[in-house]
Every structure is written in C-alpha cells, then in structure tokens.
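# Fold and contact review
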Amino acid sequence: MESMQELIEKGRQYVMNTYARFPYAFTKGEGVYLYDMDGKKYLDFVAGIAVNSLGYGNEALISNLNAQMQKVFHTSNLYWIEPQVKLAEALVQRSCADKVFFCNSGTEATEAALKLARKYGSQVGGPEKCQIITMKNSFHGRTFGAITATGQTKYQKGLGPMLPEIVYAEYNDIESVRALASKEKTCGILVEPVQGEGGVIPADPAFMQELRKLCSELDILMMVDEVQTGIGRTGTLFGYEHFGIEPDVIALAKGLGGGMPIGAMMAKDFCASAFGPGDHAATFGGNFLSTTAGLTVLSEIDRMHLLENAQKQGTHLQERAKKLQEKYDFIQEVRGLGLMQGIVLNEASLVNEIRLEAAKRGLLVIGAGYTALRMVPPLIIQKEEIDAGMDILDEAMAAVQK
Ligand SMILES: Cc1ncc(COP(=O)(O)O)c(C=O)c1O
C-alpha cells in the first residue's frame, strides 16, 4: 500500500495546483473524528468546510444512500424524481420560500440566484433593471457570475473582465446600499447572513431589516447566500431567521447534503415564476442520491435535535474561545453565530502557524479572511469534544506565542 507521503507526492504531480493543501490524507471518519493514512486521529472542527453536518458514519445517511443506490441513482430532470420532490416539499415547509431549484454546489446555487434576479428584473422593469448589489468582503463562489458577485478582488485577479452591472456595497452599512440601489436599475441584492470566507462576520440585525425594507420599497429581490450558514450551522435552520426577516431568494449547499454534493436555490412564488422551462438547468441537479442525503440530513437534524445542539454547543465554543482571548494578546476578537465561530488574530501569519500546531496535536481548524481561525464542527459535536478541541487549540496557541 502507498504511504501518505507517496500519495501526496503523486497528488502534486497529477492534480492541478489550485489548493494550498495541508499534508494529510484521511481514510476514515467516525463521529467528529477523522483518521489519516497513518492511523492518526484528529478532532475535526472543519467538517469538510462546514459540510459534514452529521459528522462521519451517520447510520441513517449510509443506509438510506445504500438503499437508494440499489434502486436507481440518475435519470435526469426530464422526469420526476421522488426524493427531489420530497426534499423540495420539506425545504419549503421549513422556510419562507415556495419553490426550489436543485443544483450541485454553492457556486451553482448563487449563480442560479443571480440569473433569477436578472430574469425577474427584466420582466418587471425591462432590460435596464439588471444591476445586482453584493457586499464587499463577501464570498459567493467561483463561476464567472459568482466570482463577480464575490466582493473581494483577490479572487478576481487575472480573470477579468468581470460580469457587468454587479456593484459592491459596504457590509452592515445600509447607507452604502441605498447609495447604489434604484428601482429602475437594481434587480437583486445578495448578502450572507454571516460572511464566512470573509472572516466569520455576522450581519447586523438592523442592517438586514433595513435591507429587507429597501428591497420591498424598490422591487428588488433580497437574496441571502446561506451556502455556509444554512441547514442548522448557526443554530437555526436558516441564518436569516436570526434577523426576523423573510428573504425572497435563498442559496443553499454545503450542509444540506451532509457530504453529498448538492446545491439549492429557493424562491418565493412571485419571483420563482420568472423561470420557465429551459431558463435554467443542471443535468445532475436534485439527483436521487443527493436529495436522499438532503432528506436524511433534515430528518436527522430533527431526530437528534441538532438545531438546539448547535445553539448550545455554539455558545460553549464561543465561551471557550473568549477564554483564549483573555489569555493570548494576539487574539483581537471572537465572533460568530452557533457552530460557526471565528477567532480573529492580529497577524495573518499566525493563522497557518496555529493550524499546523493544532493539526500536529490532533485538531483540524480552518482559516477565514486573512486573519481569522474558523471553527465549523459537525452539528453533532458534544461539550466534551469541544473542550478537548479547545484544550488542543490552547496548546497550539501557546506553541506559537512569541
Ligand atoms: C457563502 C458561500 N457561498 C458560496 C460558496 C461556494 O460554494 P461551493 O464551493 O460549493 O461552490 C461558498 C463556499 O465556501 C460560501 O461560503
């Protein structure tokens, strides 16, 4: 059998160099733990980048996927797909949306939202109503539409020109949105309830509420990118629930499939109807396996009370992180919602140093923005596991302290 080092060398030779990968390859997972090829055990506060909501080895997920695999796993959207219809029904029943479009990733979900906004704008206001406002420091994915919507030039470098008529406002600054928005030009505003990749920055409730009002006044679609915040991550099924508002469009992915690739764009009827047959599509979107996974994630969230768990453990995780802040001068801020927490450091280089020291000691954490450590463990995590992880993080921080 190949060693982990041999695999990594082969990977460097054959796999395109688009990720700054850590030198680990995992072969097995159990609960909130991963095991690498050398058999070393890691507590996982990354969860496949906020994806593996049920952790590893969830029995219902494995048996439902196995059972579906025995029957059929792809027929295309030329025909009706039973688990897709059931998942659409379940998502609609639990959200403010009325209809669901299924795709395969977060990028595709935000791309679908951008297209829906343009279609809607053209129908209610004509071709001039095509401008989309997104937020500086946001992240919405990697296709040309999504990367243009992403308000961070570092992701756009060398790829220009970007899509026209996408403009950027300051996050949490309603005046900056107002300065850009107009009834004649603007068709959609896209915002993350918590900026994830941008550094774990929660939206200000007043900002979200004012944004909602502004969108209603000017007939603009309020679109929330819940790719990272959705499906329980912040302690409510959708992040928007924290703000007492109802968006018009919701983009979902990551946690919805518990590890199976899936994306979804949900919308209220008044704007969902802007799409008709042929306006948008995805060959694999909403296939039997990904939607079986989505249905299982939702039922496991209920059965294991994972929303309550995410609230409770999220609070504990934040408290533990604040204890570290008292101890280490290089921690500037602790912020987040539910099981999406960030520790902001005063130096960018510390992020990777701490990640490496933590991994050596058996804890996986991830970076966000330039200076934040991000913790997005599986929603099944328990207090003892958080304590064990934060003890390791404490040791890792002590090791890098200068
Ligand atoms: C808020 C948000 N939107 C979109 C995306 C893109 O999702 P994907 O990588 O599945 O295409 C991400 C991924 O990190 C995200 O956090």
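Residues numbered from 1 in each chain as written. Predicted model: local features only at pLDDT ≥ 70, side-chain atom pairs only at ≥ 80, totals over all residues.

## Regarding the sheet that holds strand S6 (residues 166-169)
Quick note on the threshold: A pair of strands is considered paired only if DSSP assigns at least 2 bridges between the two. Only DSSP runs of H or I with at least four residues qualify as helices, and only runs of E with at least two residues qualify as strands; both kinds are numbered from the N terminus onward. Here an angle of 0 to 180 degrees is reported between the N-to-C directions of two axes, which are lines fitted to C-alpha atoms, with helices fitted over the stretch in contact.
Pairing within the open sheet is mixed, and its seven strands lie in the order S4-S12-S11-S10-S7-S5-S6. The outermost strands of the open sheet, each flanked by one partner alone, are strand S4 (99-103) and S6. Each strand of the sheet is rotated relative to its neighbour by a mean of 20°, with strand direction disregarded. Here strand S10 (residues 221-225) pairs with strand S11 (residues 249-252) via three bridges, running parallel. Across the sheet, the residue bridging to Val224 is Ile250, located in S11.

## Observations concerning the pairing of strand S1 (residues 26-30)
Across four bridges, the pairing between S1 and strand S2 (residues 33-36) is antiparallel. Residue pairing for S2: Gly29 is matched across the bridge by Leu34. The turn joining S1 and S2, which pair antiparallel and follow one another in sequence, is formed by two residues; a positive phi near 60° is taken by Gly31.

## Regarding the pairing of strand S3 (residues 41-44)
Bridging between S2 and S3 involves three bridges; their strand directions are antiparallel. Counted as the bridge partner of Tyr35 is Lys41 from S3. The pairing of S3 with strand S15 (residues 363-364) spans two bridges and is parallel. Across the sheet, residue Asp44 finds its bridge partner in S15, namely Leu364.

## Thoughts on the site of the ligand
The line we're drawing: As used in this record, a residue near a molecule or strand is one whose C-beta atom, placed from the backbone, is within 6 Å of it. Each residue is assigned to one of three groups, with Ala, Val, Leu, Ile, Met, Phe, Trp, Tyr, Cys and Pro labelled nonpolar, Asp, Glu, Lys and Arg labelled charged, and all others, Gly among them, labelled polar.
Ser105, Gly106, Thr107, Gly141 and Val227 are the nearest of the 14 residues found near the ligand. Considered class by class, the residues forming the shell around the ligand number three nonpolar, eight polar and three charged.

## Notes on helix H10 (residues 288-303)
To be explicit about the condition: Expected span, for any helix, means 1.5 Å times one less than how many residues it has. Counting other C-beta atoms within 10 Å of its own, a residue is labelled buried from 20 upward, exposed at 12 or fewer, and partly exposed in the gap between, with every C-beta atom placed from the backbone. Residues are treated as contacting if the C-beta atoms built from their backbones sit within 7 Å of each other.
Over its 16 residues, H10 runs 22 Å from end to end, which matches the ideal 22 Å to within 8%, given 1.5 Å per residue. Taken across its 16 residues, H10 has twelve buried, putting it largely inside the fold. Structurally, H10 contributes buried residues whose contacts are with helix H3 (59-71), helix H4 (82-93), S4 and helix H11 (306-327). Just downstream of H10, His305 is the residue with a positive phi angle, here 50°.

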